[in-house]
Amino acid sequence: MTIAIDRRGETKRPTNVSLDTGLVVLAKALGVNISQACEAGLRQQIALASAAAWRAENSAAMASSNDYVESRGLPLAAHRLS
């Protein structure tokens, strides 16, 4: 599953989230923009979930490719420079 994020017409949407009170206090004390931090964390989690979904969707193809190489060797291996 590939998810493209088009940022050209990026809009923001007010969203309510529940955050650990201690984290919010520390963030404010350190001048951390909570919205930007949440957005960065969400982008990171989306990237991780997307990568995991890709691995799951393509696991059969990867296993097949690995089996091929294991049983027959690398294609064009005879032409590799040492």
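To be clear, the structure that these remarks concern was listed above.
Residues numbered from 1 in each chain as written. Predicted model: local features only at pLDDT ≥ 70, side-chain atom pairs only at ≥ 80, totals over all residues. Heavy atoms only, no water.

This paragraph deals with the overall build of the protein. Scanning the protein from terminus to terminus reveals three helices and zero strands. Starting at the N terminus and ending at the C terminus, the protein contains elements arranged as α-α-α. For the protein, buried positions account for 4% of its 82 residues. Of the accessible surface of the protein, which amounts to about 7500 Å², a share of 58% is contributed by carbon and sulfur atoms. (Helix = DSSP H or I, 4+ residues; strand = E, 2+ residues; numbered from the N terminus. Buried < 20%, exposed > 50% of the residue type's maximum accessible area, 1.4 Å probe, protein only. Areas by Shrake-Rupley, 256 points an atom, 1.4 Å probe, with all protein chains shown as cover.)

If you check the backbone angles, Leu-76 has positive phi at about 65° while not being a glycine. Examined against the element boundaries, Leu-76 turns out to sit in the segment after α3 (59–72). Given the relative accessible area of 65%, Leu-76 is considered exposed.

Residues Leu-26, Leu-30 and Val-32 make up a contiguous nonpolar surface patch of about 310 Å² in total accessible area. Here Leu-30 lies in helix α1 (residues 21–30). (Patch = residues over 30% accessible without salt bridge, like charges linked within 9 Å, V, L, I, M, F, W, Y side chains within 5 Å. Salt bridge = Lys/Arg side-chain N within 4 Å of Asp/Glu carboxyl O.)

Taking 1.5 Å as the rise per residue, helix α2 (residues 34–57) with 24 residues should run 34 Å; its terminal C-alpha atoms sit 34 Å apart, in good agreement. Measuring from the side-chain oxygen of the N-cap residue of α2 to the backbone nitrogen of Ser-35 gives 3.0 Å; that N-cap residue is Asn-33. (Expected span 1.5 Å × (residues − 1). Polar contact = N/O pair within 3.5 Å; in protein donor to acceptor, adjacent residues only side chain to side chain.)

Turning our attention to α1. The element α1 is barely covered by neighbouring structure, given that only one of its ten residues are classed as buried. The opening residue of α1 is Asp-20, an N-cap whose side-chain oxygen sits 2.8 Å from the backbone nitrogen of Gly-22. The positive-phi residue at the C-terminal boundary of α1 is Gly-31, with phi of around 75°.

Within the structure shown, the criterion is met by two salt bridges. One salt bridge in this structure joins Lys-12 and Glu-39, with 2.7 Å as the shortest N-O distance. A residue pair is termed long-range when its members are at least 10 positions apart, and Lys-12 in the segment before α1 and Glu-39 in helix α2 qualify at 27 residues. When its relative accessible area of 26% is taken as the criterion, Glu-39 is described as partly exposed. A salt bridge links Arg-43 to Glu-39; the shortest N-O distance between them is 2.9 Å. Of this pair, Arg-43 and Glu-39 are both found in helix α2, four residues apart, which corresponds to roughly one turn of the helix. Residue classification places Arg-43 among the partly exposed residues on the basis of a relative accessible area of 27%. Among the charged side chains, a network of salt bridges with common partners joins Lys-12, Glu-39 and Arg-43.

Any functional reading would require information that these geometric values do not contain.
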